[in-house]
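Residues per chain are reported as follows:
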Amino acid sequence: MVTERQIKERELRKQNILDSALSVFKNKGFEGSTMDEIAKDADFGKATLYYYFNSKEEIFVEILNNGWKMIWESIEEEVHDHDQPKETFINSLNIIGGLVRKNQILFEFLFTAPQMMPTAFSDDKNSWKNYQNKMYGVFQSLLEEGIEKNEFPKMRSDIMMRAIGGLFHGLFFLGNDKKQMSRETMEEFISTFIGNYSSD
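The following refers to the structure shown.

Cut-offs applied
Residues numbered from 1 in each chain as written. Predicted model: local features only at pLDDT ≥ 70, side-chain atom pairs only at ≥ 80, totals over all residues. Heavy atoms only, no water. Core = buried A, V, L, I, M, F, W, Y, C linked by side-chain atoms within 4.5 Å. Buried < 20%, exposed > 50% of the residue type's maximum accessible area, 1.4 Å probe, protein only. Helix = DSSP H or I, 4+ residues; strand = E, 2+ residues; numbered from the N terminus. Contact = heavy atoms within 4.5 Å. 1 Å grid on protein atoms, 1.4 Å probe; cavity = no way out; pocket = protein on both sides within 12 Å on 5 of 7 lines; lining within 4 Å. Points joined across faces, edges and corners; volume = space filled by probe spheres on them. Nonpolar A, V, L, I, M, F, W, Y, C, P; charged D, E, K, R; others polar. Axes fitted to C-alpha atoms, helices over the stretch in contact; angles between N-to-C directions. Parallel < 35°, antiparallel > 145°, perpendicular 65-115°, else oblique. Left-handed = near helix turned anticlockwise from the far one by under 90°. Salt bridge = Lys/Arg side-chain N within 4 Å of Asp/Glu carboxyl O.

## Re the nonpolar core
Reasoning step 1: Counting 52 residues, the largest nonpolar core has Phe25, Ile59, Ile63, Phe89, Phe109 and Phe139 as its most contacted members.
Reasoning step 2: The element that contributes the greatest number of residues to this core is helix α4 (residues 56-79), accounting for 10 residues.
Reasoning step 3: Once you skip the residues sitting within four places of it in the chain, phenylalanine 89 turns out to touch Phe139, Leu142, Leu143, Phe152, Ile164 and Ile190.

Structure (structure tokens):
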């Protein structure tokens, strides 16, 4: 019978493997990474690695699944039963921004990994893709509802989503400033950006 302690030890080993794989994928890219390198980085033998995962593809997808699930669950309560689209939009972005600051390496991976992974592992059957689609769908809906309520200026929501995505990436992944952005600063930044965009 497996004890609670053994279960926790296995969970820790598995997380150690995922953390090591994240480092290897970041440094080598998906194609350049191997199970040998992941095992070495985790300080485990290959047999231990294969006990938890069958391939680097499986590890890659597991990191994506866990990460995008975490993002969705972090904003799920915020977006539930909202009645102020702009407030919900900015609060949700701020929540995600806080997560990014705590683990920038993971979030850089989550936002860039789909471009480096094989097509066979990027289809809509993966749970990470479902979480990603739900999140993007919620944000675009919030923009559209905010436009209808005059909380946002008139604009094309799909183009605005892409523009804000680029802005968000720049805010959190460029430069060396690791300080937490306040909710007020996030609101001012987004409002100014949207105001400038809509006046063009």
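## Focus: the layout of surface pockets
Reasoning step 1: Of the voids in this model, the largest pocket is the one considered here, and its volume is about 440 Å³.
Reasoning step 2: As for the largest pocket, its lining consists of 20 residues, and the residues nearest its centre are Trp68, Phe111, Met135, Tyr136 and Gly165.
Reasoning step 3: For the lining of the largest pocket, the secondary-structure elements that each account for two or more residues are α5 (85-102), α6 (104-116), α7 (127-148) and α8 (157-173).
Reasoning step 4: Per-element tally for the lining of the largest pocket: the top contributor is α8, with seven residues.
Reasoning step 5: Residue composition of the lining of the largest pocket, grouped by class: 14 nonpolar, four polar and two charged.
Reasoning step 6: When its volume is computed, the second largest pocket comes out at roughly 170 Å³.
Reasoning step 7: Lining of the second largest pocket is provided by Gln15, Leu18, Asp19, Leu22, Glu62, Ile63, Asn66, Gly67, Met70, Asn103 and Leu106.
Reasoning step 8: Going through the elements one at a time, α1 (4-32) and α4 are the ones with two or more residues in the lining of the second largest pocket.
Reasoning step 9: When residues of the lining of the second largest pocket are assigned to their parent elements, the largest contribution, five residues, is made by α4.
Reasoning step 10: Residue classes in the lining of the second largest pocket are distributed as five nonpolar, four polar and two charged.

## Description of the packing of α1 against helix α2 (residues 35-42)
Reasoning step 1: At a minimum axis distance of 8 Å, the contact between α1 and α2 shows a crossing angle of 140 degrees. Compared by their axis directions, α1 and α2 come out oblique. The hand of the α1/α2 crossing is right-handed. Here Asn16, Ile17, Ser20, Ala21, Ser23, Val24, Phe25, Lys28 and Gly32 of α1 lie close against α2, whose contacting residues are Glu37, Ile38, Asp41 and Ala42.
Reasoning step 2: Residues that form the contact of α1 with α2 fall into these classes: six nonpolar, four polar and three charged.

## Structural notes on the pattern of salt bridges
Reasoning step 1: A full pass over the atoms with the stated rule returns seven salt bridges.
Reasoning step 2: Here lysine 8 makes a salt bridge to glutamate 4, at a shortest N to O gap of 3.5 Å. Separated by four residues within a single helix, lysine 8 and glutamate 4 lie in helix α1, roughly one turn from each other.
Reasoning step 3: Owing to a relative accessible area of 48%, lysine 8 belongs among the partly exposed residues under this scheme.

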